[in-house]
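Geometric and topological summary
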Amino acid sequence: MGEAIAFYTLAAFILGFAVLVITTKDTVHSVLFLVLDFLFVAALYVMLNAPFLAAIQVLVYAGGIVVLYLFVVMLVNLKRLPEAFQDPNRHGRIGLILSVAVLLELAAIAALGVGSVAPVRTAARALPVTGNTEQVGWMLYTSYLIPFEIASMLLLVAMIGAIVLAKREL
Amino acid sequence: MEAPTVRGEMFDTNELVINMGPQHPSTHGVLRVVLRLDGEKVVDTDVIIGYLHRGIEKLSENRNWTQIILLTDRMDYVAAATNNVGYCETVEKLMSLEVPRRARYVRTLLCELQRIASHCLWLGTHAMDIGAMTVFLYAFRERELILDLFEEFCGARLTYNSMRIGGLPMDVPSGWDKKVLEFCKIMDSKLDEYEELLTHNRIWIERTKNVGVLTAAEAIDLGLSGPPLRGSGVPRDVRKDEPYAAYDEMEFDVPIGTAGDTYDRYLVRIEEFRQSLRIIRQATEGLPEGPIVGKVPRLIKPPAGETYHAIESPKGELGYFIVSDGKSTNPYRFRVRPPSFCNLQALRRMVRGHLVADVVALIGSLDVVLGEVDR
Amino acid sequence: MIDGFVIPLLKIVIVLNATLVGVTYMVLLERKVIAWAQSRLGPMRVGPHGILQPIADAVKLMLKEDITPARADKWVFTVAPIISMVPALIVYAVIPFGPEVSLFGRQVTLYITDINVGLLYIVSVASVGVYGIILAGYASNSKFPLLASLRASAQLISYEVAVTLTLVSVVLMSGTLSMVGIVRAQESAHLWFAFAQPLAFGIFVIGSLAETNRAPFDLPEAEQELTGGFHTEYSGMRFALFFLAEYANMIVVSSVATTLFFGGWLRPFPNWAALSFLDFIPSWTWFLIKSFVFLYFFVWVRATLPRYRYDQLMRLGWKLLIPLAIANLVLTGIIRVALL
């Protein structure tokens, strides 16, 4: 019971802040709400007995990535107001179609998901290690080794791309 | 200065205009530097002066010749004695007065003590600007000793009014020379202390090497003088080239730099400390007996004419241009060539392309005193 | 009830208060030590040898007018010092000041909690502390603070990488992320990790100087260039919060260094029976002594060295410390695998 209350409170906060992120006018405030959002997600992880994930969530998302967002927001002049709405590159119709498609998809999942079986618990398979950190490490380097490596390659590519974009002459 | 917007392919970037001073901890008084920044890099600067203008040159035209000595104190207020010497010698030149040898020796002595005091202040503030705050207090500790010596000589600690046309206002107190030699001994060891903290310090070298490089030709074109000029490798020193006071009888070297960067200017000044001590020792030990004032008429009234006379102040070439009409007891025209003012011209050239942190290092490296720049 | 609620609460109260008092006296220590280094006396007027100076400072700062610039982002301007202060304090939750001891007939642990990701918790909480500085610079709506906060965030992010990599080397040695576990690992290895990981320790010390904005890396508050940096526009208690946060962070990194590299609460040579006469000294005293040595080192460095320039700082971080830290990490990993 207590757990359910805690979960729904956290979930309410997460959704509330998520709404604030996209509705706040001031970009910096919106980024700050994003940080709060991430912190509450971390709290959710703590509730799920995944302290390692929680710490990583705070470290990487709240402490790392959003700082970079903030950098961009502070450095780039965002005060070009009305002209953006007359942007010739805007594809209003495609956007509308896409968002309707996403909405339909979500509705379908919600409708069909009710009543189906609960997701299979992978934890049922015994891991040779105990402890949250060790288990995450074990899974990453055994079952999910290839996706893990692909993800890191992707990040490397992104990094090189960023350097190439930023530094015209090397 | 307005900041132009640079239209990029993806983002527009704005140059940031930052106003440094006149109230800023490291513009050494009331210098105002308007910086145009691209990130941390200085694109251009505008150096604005005049916040300490008191009209000393114009005031001097309404004072009699002796009263002006007191005004010269207020120009380079950290080296008042050299200002006094420069002015008095100019008037003496105008009047063709002979100054007794003892007076010339004492003048040399005071000038060099003053140079050390001024360099102490420079070293302290320069190091402080680069973040080494202990050196600041050490340098001021030694400057205090010099101020004590001056206090004993003339009763004042900052603005001395310590010269008279034709000689000195009073003889040095008895036993004073011993104290001067004592000070030289202390200063020798303290100099090593400063050097230990800075000269071979990696961070200090990184902060000063290749910062604000001026070639010899550039330095001459900008009209620099003093340590900034010698740091660029030009062996120009008024004390050697056009000796005044008793410098023709002294033995000393003129240190020059090679690279013309902030580190070289630092090394030049550090070596000047040592050369000054050498001169002080010679002047104290060889102090001749005799009168301290030459034959000066009761009413000082130089003959009609004009003259320019320069001395080597701690900051560079300090020149006085004086026109006398031969009739009144005040100069007809009085004009100063202040070394700080001329050296400050180099700032704009030097900071371009450097970072904000270098700007304060470069202001310190030029060693300007705003009292002298604005007069 | 008592074990689950009263004792933890009591510990939290004690640690928080001790920290805040420690922080204010840290300021006095710094002023005194620097004064002595510079042949001065330092604060002498409030109490004998200025011993009450921190209290006078605190009263002064609390009574000062609290000014918010007219064009500042008021909301962010207010929360920025709080964001700065909170992470600096909550980190103490996992710092082990001592092992389990019996106190008044009860087994009490001399740490608030020992979570199994303690080290990660410290790193992640510390990474949130950056926001205080960035937001302060942004919200002031003033150019010098903005410049300073950009410097600060770039610096903190860069050096965080190097510092975290050195921490990973230590974790490889200890095999646990728990702070208590790391101390225990040093006890059973008969070795302080500073000697097993000298390179990691060196990088950690340099990196932590940079992360706490201390000289020679105090660029974000370079008084001579940026007139105080990100807190230029702050006054009164809000300024004091930034100030406290900086010193609290210093104490945090000293504690972390002690725990990770100098055996935490262990006495020197804990397995040498010949030295067991030292056992009458409580374990937390060793912890405090070791941390104090670090704090003294911080102050000493500030009195001695000039300040780095922004580009040199970045070069040092990215081109020297991070590659070295990675190399050290790989080397540690290879040796560990070879030994197993």
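Residues numbered from 1 in each chain as written. Chains lettered and ligands numbered in written order. Predicted model: local features only at pLDDT ≥ 70, side-chain atom pairs only at ≥ 80, totals over all residues. Heavy atoms only, no water.

Turning to the sheet that holds strand S4 (residues 32-38) of chain B, a few remarks are in order. Sheet architecture is open: three strands sit in the order S3-S4-S5 (chain B), paired in antiparallel fashion. What marks the edges here is a single partner per strand, and that holds for strand S3 (16-20) and strand S5 (41-48) of chain B. Taken pair by pair, the neighbouring strands of this sheet meet at an average axis angle of 20 degrees, ignoring direction. Examined bridge by bridge, S4 of chain B and S5 of chain B share seven bridges and lie antiparallel to one another. Bridge pairing in S5 of chain B links Arg-36 of chain B to Asp-44 of chain B. Packing against the sheet, helix H6 (residues 143-174) of chain C makes contact with S3 and S4 of chain B, and its axis sits at approximately 115 degrees to S3 of chain B. (Pairing = 2+ DSSP bridges. Helix = DSSP H or I, 4+ residues; strand = E, 2+ residues; numbered from the N terminus. Axes fitted to C-alpha atoms, helices over the stretch in contact; angles between N-to-C directions. Contact = heavy atoms within 4.5 Å.)

Our next topic: helix H11 (residues 262-285) of chain B. Taking 1.5 Å per residue as the helical rise, H11 of chain B with its 24 residues ought to reach 34 Å, and the 35 Å between its terminal C-alpha atoms agrees with that figure. Counting buried positions along H11 of chain B gives 17 out of 24 residues, so the element sits mostly inside the fold. (Expected span 1.5 Å × (residues − 1). Buried < 20%, exposed > 50% of the residue type's maximum accessible area, 1.4 Å probe, protein only.)

Within the largest apolar cluster, 118 residues are counted, with the highest numbers of intra-cluster contacts made by Tyr-92, Leu-260 and Phe-261 of chain C. No other element matches helix H11 (residues 236-261) of chain C, which puts 13 residues into this core. When sequence neighbours within four positions are dropped, the list of residues in contact with Tyr-92 of chain C reads Val-15, Thr-19, Phe-97, Ile-112, Ala-248, Ile-251 and Val-252 of chain C. Counting 81 residues, the second largest nonpolar core, distinct from the first, contains Ala-156, Phe-273, Leu-318 and Ile-322 of chain B. (Core = buried A, V, L, I, M, F, W, Y, C linked by side-chain atoms within 4.5 Å.)

Contact residues are listed per partner, giving 23 residues for chain C and 22 residues for chain A. Summed over both sides, the interface between chain C and chain A buries roughly 1900 Å², with carbon and sulfur atoms accounting for 81% of that surface. Summed over the shared surface of chain C and chain A, the result is zero salt bridges. Linking chain C with chain A are two residue pairs in polar contact (both at pLDDT 80 or more), by the criterion used here. Looking at the side of chain C that touches chain A, the elements that each hand over two or more residues are helix H3 (74-90), helix H4 (118-128), helix H5 (130-139) and H6 of chain C. It is H6 of chain C that provides the largest number of residues to the side of chain C that touches chain A, a total of seven residues. Here the side of chain C that touches chain A is composed, by residue class, of 16 nonpolar, five polar and two charged. (Buried area = accessible area lost by both parts, 1.4 Å probe. Salt bridge = Lys/Arg side-chain N within 4 Å of Asp/Glu carboxyl O. Polar contact = N/O pair within 3.5 Å; in protein donor to acceptor, adjacent residues only side chain to side chain. Nonpolar A, V, L, I, M, F, W, Y, C, P; charged D, E, K, R; others polar.)

Looking now at the sheet that holds strand S8 (residues 333-337) of chain B. Residue and element names in this part refer to chain B. Spatial strand order, S6-S7-S8: three strands in an open sheet with antiparallel pairing. The outermost strands of the open sheet, each flanked by one partner alone, are strand S6 (305-313) and S8. Strand-to-strand, the axes of this sheet are offset by a mean angle of 15 degrees, without reference to chain direction. When strand S7 (residues 316-324) meets S8, the two strands line up antiparallel, connected through five bridges. Its bridge partner lying in S8, Val-323 is registered against Arg-333. Together, S6, S7 and S8 form the strand contacts of helix H3 (residues 80-95), whose direction differs from that of S6 by roughly 150 degrees.

Each α-helix turn comprises 3.6 residues. Residues three or four places apart therefore point the same way. Residues and elements named next belong to chain C. Helix length check: H11, at 26 residues, gives a terminal C-alpha distance of 37 Å against a target of 38 Å (1.5 Å per residue), a fit within 8%. Within H11, 21 of the 26 residues are buried, leaving the element largely enclosed by the surrounding structure. Phi turns positive one or two residues past the end of H11, at Gly-263, with a value near 70 degrees.

Here we take up the packing of aromatic side chains. With the rule as written, the count across this model stands at 36 aromatic pairs over all chains. Taking 5.9 Å as the distance between ring centres and 25 degrees as the angle between the ring planes, the aromatic pair formed by Phe-17 of chain A and Phe-33 of chain A counts as stacked. With a gap of 16 residues between them, Phe-17 of chain A in helix H1 (residues 2-23) and Phe-33 of chain A in helix H2 (residues 27-47) connect regions that are remote in the sequence. Exposure remark for Phe-17 of chain A: the relative accessible area of 13% places this residue in the buried category. By way of ring pairs, the aromatic residues Trp-192, Phe-195, Phe-201, Phe-204, Phe-261, Phe-262 and Phe-294 of chain C are connected into one cluster. (Phe/Tyr/Trp six-rings, centres within 6.5 Å; stacked < 30°, edge-to-face > 60°.)

Looking now at the interface of chain C and chain B. Each side of the interface is counted separately: chain C has 26 residues, and chain B has 34 residues. For the pair chain C and chain B, the two sides together bury roughly 2700 Å², of which 60% comes from carbon and sulfur. Our count for the contact surface shared by chain C and chain B stands at one salt bridge. If you look at where chain C meets chain B, you find eight residue pairs in polar contact (both at pLDDT 80 or more). Only helix H1 (2-37), H6, helix H10 (223-226), helix H12 (283-304) and helix H13 (310-339) of chain C provide two or more residues apiece to the side of chain C that touches chain B. In terms of residue class, the side of chain C that touches chain B is built from 10 nonpolar, six polar and 10 charged.

Right, let's talk about the domain arrangement of chain A for a bit. Split into domains, chain A comes out as domain 1 (1-77) and domain 2 (127-170). On a C-alpha basis, the centroid separation for the pair domain 1 of chain A and domain 2 of chain A is 22 Å. (Domains from an automatic or database assignment.)

Another point: empty space enclosed by the protein. All names here are of chain C. For the structure shown, the criterion picks out two cavities of 30 Å³ or more. Considering only enclosed or pocket space, the largest cavity measures out at about 500 Å³ in volume. Lining the largest cavity are 33 residues, and of these Ala-126, Glu-211, Thr-212, Asn-249 and Val-253 sit closest to its centre. Contributing elements (two or more residues each) for the lining of the largest cavity: H3, H4, H5, H6, helix H9 (198-211) and H11. The element that contributes the greatest number of residues to the lining of the largest cavity is H11, accounting for eight residues. Residue composition of the lining of the largest cavity, by class: 21 nonpolar, eight polar and four charged. Surrounding the second largest cavity, Phe-204, Val-205, Ser-208, Val-253, Ser-254, Ala-257, Phe-294, Phe-297 and Phe-298 form its lining. (1 Å grid on protein atoms, 1.4 Å probe; cavity = no way out; pocket = protein on both sides within 12 Å on 5 of 7 lines; lining within 4 Å. Points joined across faces, edges and corners; volume = space filled by probe spheres on them.)

Time to look at the layout of surface pockets. Taken as a whole, the second largest pocket holds about 1300 Å³ of empty space. Lining the second largest pocket are 47 residues, with Val-27, Phe-239, Phe-243, Tyr-247 and Arg-302 of chain C sitting closest to its centre. Of all the elements in the fold, those that place two or more residues in the lining of the second largest pocket are helix H5 (133-154) of chain B together with H1, helix H2 (53-63), H10 and H11 of chain C. When its residues are assigned to classes, the lining of the second largest pocket shows 22 nonpolar, 11 polar and 14 charged.

The full count for this structure, using the stated rule, is zero disulfides over all chains. There is no disulfide at Cys-88 of chain B, and the cysteine sulfur nearest it, in Cys-111 of chain B, is 10 Å away. (Disulfide = S-S within 2.5 Å.)

Our focus in this paragraph is the side chain of Gln-275 of chain B. Relative to the helices and strands, Gln-275 of chain B resides in helix H11. Among residues more than four places away in sequence, those in contact with Gln-275 of chain B are Phe-252, Asp-253 and Pro-255 of chain B.

All names here are of chain B. For the structure shown, the criterion picks out 43 salt bridges over all chains. Across the pair Arg-104 and Glu-249 runs a salt bridge, and its minimum N-O distance is 3.8 Å. Of this pair, Arg-104 sits in helix H4 (residues 101-129) while Glu-249 is found in the loop between helix H10 (238-241) and H11, placing the two residues 145 residues apart along the sequence. The salt bridge involving Arg-115 is made with Glu-112; its shortest N-O contact spans 3.1 Å. You can see Arg-115 and its partner Glu-112 sitting in helix H4, three residues apart, about one turn around the helix.

All names here are of chain B. Looking at the secondary structure, you find Arg-337 in strand S8. Note: C-alpha distance between Arg-337 and Leu-318 (19 residues apart in sequence) is 5.8 Å. Not counting chain neighbours up to four residues away, the residues in contact with Arg-337 comprise Gly-223, Ser-225, Tyr-308, Glu-317, Leu-318, Gly-319 and Cys-342. At 2.9 Å, the side chain of Arg-337 and the backbone oxygen of Glu-317 are in polar contact.

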